[in-house]
Amino acid sequence: VLRPERSLNYEAGYRTLLTKRLSLDMTAFATWYSNLQSVEPGTPYFTFSPAPPHLVVPSIFDSLSHGKTYGAELFANWDVTKRLRISPGYSFARMNIAYDPSILASNASLSLGDSPGDSPQHQVQIRSALSLPHNLEWDASAAFVSALGIGPVPSYTRVDTRLGWRIGEFVEVSLTGQNLLTPRHFEFLDGLQVHPTPADRSIFSKITWSF
């Protein structure tokens, strides 16, 4: 019987202004989960219905796993000039998932082995925001994301940029490019942890009217 998942969360952070132009944010977190959904192999059996005769290997869904996550984030904002801001950052996250001792005692073949999960452990990024004359804005970012611990999703580096032009007080026109380094890269696996989800290179324009 599936039971509601539960979590216990702790988070602590610190923010400081090192100089008039440089600020720093630090955060640490930890979460404990219980009653996570588990999939256990049932006893295989042979059946003639429906035809043709075939072997059935059932999977039993239950709430017999638990897990924990912990990590930290570090970000800074540096106003290089009145027009240019640079914001570097780094984040670390670790995920461990395991079956409850009760199910492991009755089925020694089961083991999630403290699976690292489908979240990258390391992410590094740097963003810049530049205010240009004539109400123009140019934003750019570069990010490195480490490989997933499970599945065929390698590490990748992503570069995005945006050029915006504010027309008056209510209208903005922008041109954005995403994933500019490669035609595509994989980021996550699907719900069955089999097929990776690609993120394609894209270039698009947008008109924003605020009222």
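The sections below set out a description of the structure shown in this document. Residue positions are given per chain, counting from 1 as you read along its sequence in written order. Reporting of local features is limited, given that this is a predicted model, to residues whose pLDDT is at least 70; pairs of side-chain atoms are given and counted only at 80 or more, and all residues count toward the totals for whole chains, interfaces and linings. With hydrogens and water set aside, each side-chain value is computed from the structure's full complement of heavy atoms.

1. Describing the overall build of the protein
Consideration 1: A count of helices and strands for the protein gives one helix and 13 strands.
Consideration 2: Elements are defined by DSSP. Helices are runs of H or I of four residues or more, strands are runs of E of two residues or more, and each kind is numbered from the N terminus. Put simply, the protein runs from its N terminus to its C terminus through helices and strands in the order β-β-β-β-β-β-α-β-β-β-β-β-β-β.
Consideration 3: Here the protein holds 211 residues, and the buried ones make up 24% of them.
Consideration 4: We call two residues in contact whenever any of their non-hydrogen atoms come within 4.5 Å of each other. In the protein, 52% of the contacts between residues at least 6 apart in sequence involve partners at least 24 apart.
Consideration 5: Only the protein chains shown count as covering a residue, and every accessible area follows the Shrake-Rupley method with a 1.4 Å probe. A total accessible area of about 14,200 Å² is found for the protein, and carbon and sulfur atoms account for 62% of it. Exposed residues in this analysis have more than 50% of their type's maximum accessible area, buried residues have under 20%, and partly exposed residues fall in between, with area computed by a 1.4 Å probe over protein chains only.

2. Description of the packing of aromatic side chains
Consideration 1: Only the six-membered ring of Trp is used, alongside the rings of Phe and Tyr, when aromatic pairs are assigned; centres must lie within 6.5 Å, and planes under 30 degrees apart are stacked while those over 60 apart are edge-to-face, with the rest tilted. Summed over the entire model, instances satisfying the criterion amount to four aromatic pairs.
Consideration 2: The interplanar angle of 85° and the centroid separation of 5.5 Å between the aromatic rings of Phe-46 and Phe-48 together place this pair among those described as edge-to-face.
Consideration 3: Relative accessible area serves as the criterion here: at 52%, Phe-46 is assigned to the exposed category.
Consideration 4: Each ring, one from Trp-209 and one from Phe-211, has its centre 5.3 Å from the other, and the planes form 50°; the classification is tilted.
Consideration 5: Accessibility expressed as a relative area gives 61% for Trp-209, which makes it exposed.

3. Here we look at the side chain of Asn-35
Consideration 1: Within the fold, Asn-35 resides in strand β2 (residues 22-41).
Consideration 2: Engagement of the side chain of Asn-35 in a polar contact is seen with the side chain of Arg-3, the distance being 3.2 Å.
Consideration 3: Definition of a polar contact: a pair of N or O atoms within 3.5 Å, with one able to donate and the other able to accept a hydrogen when the atoms are protein atoms, and with sequence-neighbouring residues admitted only if both atoms are side-chain atoms. A distance of 3.2 Å separates the side chain of Asn-35 from the backbone oxygen of Pro-4, its partner in a polar contact.
Consideration 4: Not counting residues within four places of it along the chain, the set of residues in contact with Asn-35 comprises Arg-3, Pro-4, Glu-5, Arg-6, Ser-63 and Ser-65.

4. Quick look at the pattern of salt bridges
Consideration 1: What counts as a salt bridge is simple: a side-chain nitrogen of Lys or Arg found within 4 Å of a carboxyl oxygen of Asp or Glu. The full count for this structure, using the stated rule, is nine salt bridges.
Consideration 2: One salt bridge connects Asp-79 with Arg-85, and the closest N-O pair in it is separated by 2.7 Å.
Consideration 3: Between Glu-137 and Arg-162 there is a salt bridge, and its shortest N-O distance comes to 3.1 Å. With Glu-137 in strand β8 (residues 136-145) and Arg-162 in strand β9 (residues 156-167), this pair connects stretches of sequence that are 25 residues apart.
Consideration 4: Taking the relative accessible area as the measure of exposure, Glu-137 reaches 27% and is therefore partly exposed.
Consideration 5: Residues participating in the shared-partner salt-bridge network are Glu-137, Asp-139, Arg-162, Arg-166 and Glu-172.

5. Regarding unusual backbone geometry
Excluding glycine, residues mostly carry a negative phi; peptide bonds, for their part, are mostly trans.
Consideration 1: Along the chain, Ser-49 connects to Pro-50 via a cis peptide bond; the corresponding omega equals -5°.
Consideration 2: Within the secondary structure layout, Pro-50 lies in the loop between β3 (45-47) and β4 (54-56).
Consideration 3: Backbone torsion omega between Ala-51 and Pro-52 reads 0°, so that peptide bond is classified as cis.
Consideration 4: Relative to the assigned elements, Pro-52 resides in the loop between β3 and β4.
Consideration 5: The backbone of Asn-135 sits at a positive phi, close to 60°, despite the residue not being glycine.
Consideration 6: Looking at Asn-135, the relative accessible area reads 52%, which means it is exposed.
Consideration 7: Phi at Asn-179 is positive, roughly 55°, even though this residue is not glycine.
Consideration 8: For Asn-179, the position within the fold is in the loop between β10 (171-178) and β11 (184-189).

6. A look at the sheet that holds strand β7 (residues 122-132)
Consideration 1: The criterion for strand pairing is that DSSP finds at least two bridges linking the strands in question. If you trace the nine strands from one edge of the open sheet to the other, you get β1-β2-β5-β6-β7-β8-β9-β10-β13, paired in antiparallel fashion. Only two strands of the sheet have a single partner each, and these edge strands are β1 (6-17) and β13 (202-209). Put simply, the sheet's adjacent strands are angled 15° from each other on average, direction ignored.
Consideration 2: Direction of pairing for β10 relative to β13: antiparallel, over a ladder of eight bridges. Paired with Leu-175 across the two strands is Ser-205, which belongs to β13. Lines fitted to the C-alpha atoms define the axes, with helices restricted to the stretch that makes contact. Angles between their N-to-C directions range from 0 to 180 degrees.

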